[in-house]
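What follows is each chain in one-letter form.
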Amino acid sequence: MDKLEIINFSHNWNKKLDCTAFTTIRLENNLKYKKGSVYEIHLKKVLHKKAMILEIKTMYLKDINEYIANLDTGYSSTETKEILLKMYPTVDFNNKKLMFILLKSVSCQ
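So, here is what we can say about the structure in this document. (Residues numbered from 1 in each chain as written. Predicted model: local features only at pLDDT ≥ 70, side-chain atom pairs only at ≥ 80, totals over all residues. Heavy atoms only, no water.)

1. Overview of the sheet that holds strand β4 (residues 46–59)
And step 1. Reading across from one edge, β1-β3-β4-β5-β2 is the order of the five strands in this open sheet, with mixed pairing throughout. The sheet is open, and its two edges are formed by β1 (5–9) and β2 (21–27), each paired on a single side. Geometrically, the sheet is characterised by an average inter-axis angle of 40° between neighbouring strands, direction not taken into account.
And step 2. As defined by bridge partners, strand β3 (residues 38–43) adjoins β4 across six bridges and the pair is classed as antiparallel. Among the inter-strand pairings, V38 is bridged to a residue of β4, identified as M52. (Pairing = 2+ DSSP bridges. Helix = DSSP H or I, 4+ residues; strand = E, 2+ residues; numbered from the N terminus. Axes fitted to C-alpha atoms, helices over the stretch in contact; angles between N-to-C directions.)

Written out as structure tokens, the structure is:
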């Protein structure tokens, strides 16, 4: 069996990794993140579960609203944007898109 790509989380924002369906906001990477693909979900570099990408919405940092922010991080849109700016201090978010990714847990068999 092929080795699965890894999506690593440094924090379990909003305790989302404990849910069947959860989201993540990532820098746009069409080679890594693909609808229908299954990934190993790691929390602090330890396997937590496996999940499949159900949907991907591309957007800019300015497009993160209260709905997206609170679902993904549990914080306001302003706080979520500040978190992303700290995580990626060299990224020009006026030109770089983000992916709002919806995942669903799959069996770890």
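Still more ground to cover, so stick around.
2. Topic: the nonpolar core
And step 1. Ranked by size, the top nonpolar core spans 12 residues in total: I7, F9, L17, F22, Y33, Y39, I41, A51, I53, M99, I101 and L103.
And step 2. Secondary-structure elements contributing two or more residues to this core are β1, β3, β4 and β5 (98–106).
And step 3. Ranked by residues supplied to this core, first place goes to β5 with three residues.
And step 4. Contact partners of I41, with chain neighbours within four places excluded, come to I7, F9, L17, F22, V46, L47, H48, K49, K50, A51 and L103. (Core = buried A, V, L, I, M, F, W, Y, C linked by side-chain atoms within 4.5 Å. Buried < 20%, exposed > 50% of the residue type's maximum accessible area, 1.4 Å probe, protein only. Contact = heavy atoms within 4.5 Å.)

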